Amino acid sequence: GQSFAGQSDFSAALYYFTNGLTFLGQDSWSNDHLLCLELYQGAILSSFALGNAADVDRYAQKVIENAAFEDTLDVQVVVLKSLSLLEKHKESTFRGVELLRRLNFELPLAPSSEIIGHAMASVATLTSRYPSDRIANLCQDKGSKDDPKYTAIRVADAVTT
């Protein structure tokens, strides 16, 4: 499946990933966690590339139910993007905010004008320290998957696009 996904043949990739899933046994998540995660992630990404949101959600639920929270973040970002493409913006936003909270990024439920003003001033202060081309490069930088700030940015990006 991975070689077909690398060639952008997502129909073939999905075929092989889903066939791999059929060979998994009852205790597969405990016996071969990494294989399960790779097969499901491949099926999720292939389904997303093919525009099949129902399968994205179905496969993602299996990962969310069986894997550690940290191992589900890539999958949950794809789910958020899938919801946005389906124009389920409210659900995408709620799920994205919940993910951010689980990553210890607290967002006030009803921010006051003072909080918004302070946040805008902080952003202005931080961005004024760097030339705009450096800020643009930082925004495009993939960062480290282990960095919670990077993950939070990916979640927020998935909710807003």
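Whatever comes next refers back to the structure up there.
Everything in this summary refers to the structure shown in the same document. Predicted model only: the values in this text are computed from it and were never measured. In every chain, residue numbers begin from 1 and rise along the written sequence. Whole-chain, interface and lining totals are the exception, using all residues; otherwise, since this is a predicted model, local features are given only for residues with pLDDT of at least 70 and side-chain atom pairs are given and counted only at 80 or more. Side-chain measures here rest on the full set of heavy atoms in the structure, leaving out hydrogens and waters.

## So, the nonpolar core
As a reminder, the rule being used: Joining through side-chain atoms within 4.5 Å is the link that ties buried Ala, Val, Leu, Ile, Met, Phe, Trp, Tyr and Cys residues into a set, and such a set is a nonpolar core. Buried residues are those whose accessible area, probed at 1.4 Å on protein chains only, stays under 20% of the maximum for their type, while exposed residues exceed 50% and partly exposed ones sit between those limits. To qualify as a helix, a DSSP run of H or I must reach at least 4 residues; to qualify as a strand, a run of E must reach at least 2; elements of each kind are numbered from the N terminus. Every residue pair with non-hydrogen atoms within 4.5 Å of one another is taken to be in contact.
Of all hydrophobic cores here, the largest spans 21 residues; its most connected members are L21, W29, Y40, I44, Y59 and V63. The set of elements that each furnish at least two residues to this core consists of α2 (10–22), α4 (33–49), α5 (53–66) and α6 (69–85). Among the elements that make up this core, the one with the highest residue count is α4 (six residues). Excluding its chain neighbours within four sequence positions, the residues that come into contact with Y40 are L21, L24, W29, Y59, K62 and V63. In terms of nonpolar packing, the next biggest core, distinct from the first, is built from five residues, L73, L80, L99 and L103 among them.

## Looking at the pattern of salt bridges
Test applied: By definition, a salt bridge exists where a carboxyl oxygen of Asp or Glu is found within 4 Å of a side-chain nitrogen of Lys or Arg.
For the structure shown, the criterion picks out three salt bridges. Between R95 and D57 there is a salt bridge, with its nearest N and O atoms 3.9 Å apart. Taken together, the residues R95 in helix α7 (residues 89–102) and D57 in helix α5 connect sequence positions 38 residues apart.

## A closer look at α5
Heads up, the rule is: Given a helix with a known number of residues, its expected span is that number minus one, times 1.5 Å. For this quantity, the arc is that covered by the directions from the helix axis to the C-beta atoms.
Between the first and last C-alpha of α5 there are 20 Å, a value that for 14 residues agrees with the 20 Å anticipated at 1.5 Å per step. Those residues of α5 not exposed but buried are A53, D55, V56, Y59, A60 and V63. Along the axis of α5, the buried positions cluster into a sector of 155°, meaning they face one direction only. Along α5, the residues that are exposed and aim more than 90 degrees away from the buried face are A54 and E65.

## A word on the packing of aromatic side chains
For any pair of aromatic rings, the description consists of the separation of the ring centres together with the inter-plane angle of the planes. So the rule is basically this: Stacked, edge-to-face and tilted labels apply to pairs of Phe, Tyr and Trp rings (six-membered ring for Trp) whose centres lie within 6.5 Å, assigned for plane angles under 30 degrees, over 60, and everything in between, in that order. Working rule: Lys NZ or Arg CZ, within 6 Å of ring centre, within 35 degrees of ring normal, means a charge sits over the ring.
Counted by the stated rule, this structure contains three aromatic pairs. Between Y15 and Y16 the ring centres are 5.1 Å apart and the planes differ by 85°, which places this aromatic pair in the edge-to-face class. Considering the side-chain rings of W29 and Y40, the 5.6 Å spacing of their centres and the 25° angle between planes classify their relative orientation as stacked. Residue W29 is located in helix α3 (residues 28–31), and its partner Y40 is located in helix α4; the two are separated by 11 residues in the primary sequence. One exposure class covers both W29 and Y40, and it is buried. In textbook terms, an aromatic cluster arises when at least three aromatic residues are bridged by ring pairs, as seen for W29, Y40 and Y59. Over the ring of Y59 we find R58, and its NZ or CZ is 4.6 Å from the ring centre.

## A word on the packing of α5 against α6
Rules: Fitted lines through C-alpha atoms serve as axes, helices being fitted only where they are in contact, and the angles separating the N-to-C directions of these axes extend from 0 to 180 degrees. For classification purposes, angles smaller than 35 degrees are called roughly parallel, those larger than 145 roughly antiparallel, those between 65 and 115 roughly perpendicular, and all remaining angles oblique. Helix crossings are classified by the rotation of the near helix relative to the far one: an anticlockwise turn of less than a right angle makes the crossing left-handed, while a clockwise turn makes it right-handed. Asp, Glu, Lys and Arg are counted as charged, while Ala, Val, Leu, Ile, Met, Phe, Trp, Tyr, Cys and Pro are counted as nonpolar; the rest, among them Gly, fall into the polar class.
Close contact between α5 and α6 brings their axes to 10 Å; oriented N to C, the two are set at 155°. For the element pair α5 / α6, the angle class is roughly antiparallel. Considering only the axes of α5 and α6, their crossing is left-handed. On the side of α5, the interface is formed by A53, V56, D57, A60, V63 and I64, while α6 contributes D71, T72, V75, Q76, V78, V79 and S82. For the contact of α5 with α6, the residue count by class is eight nonpolar, three polar and two charged.

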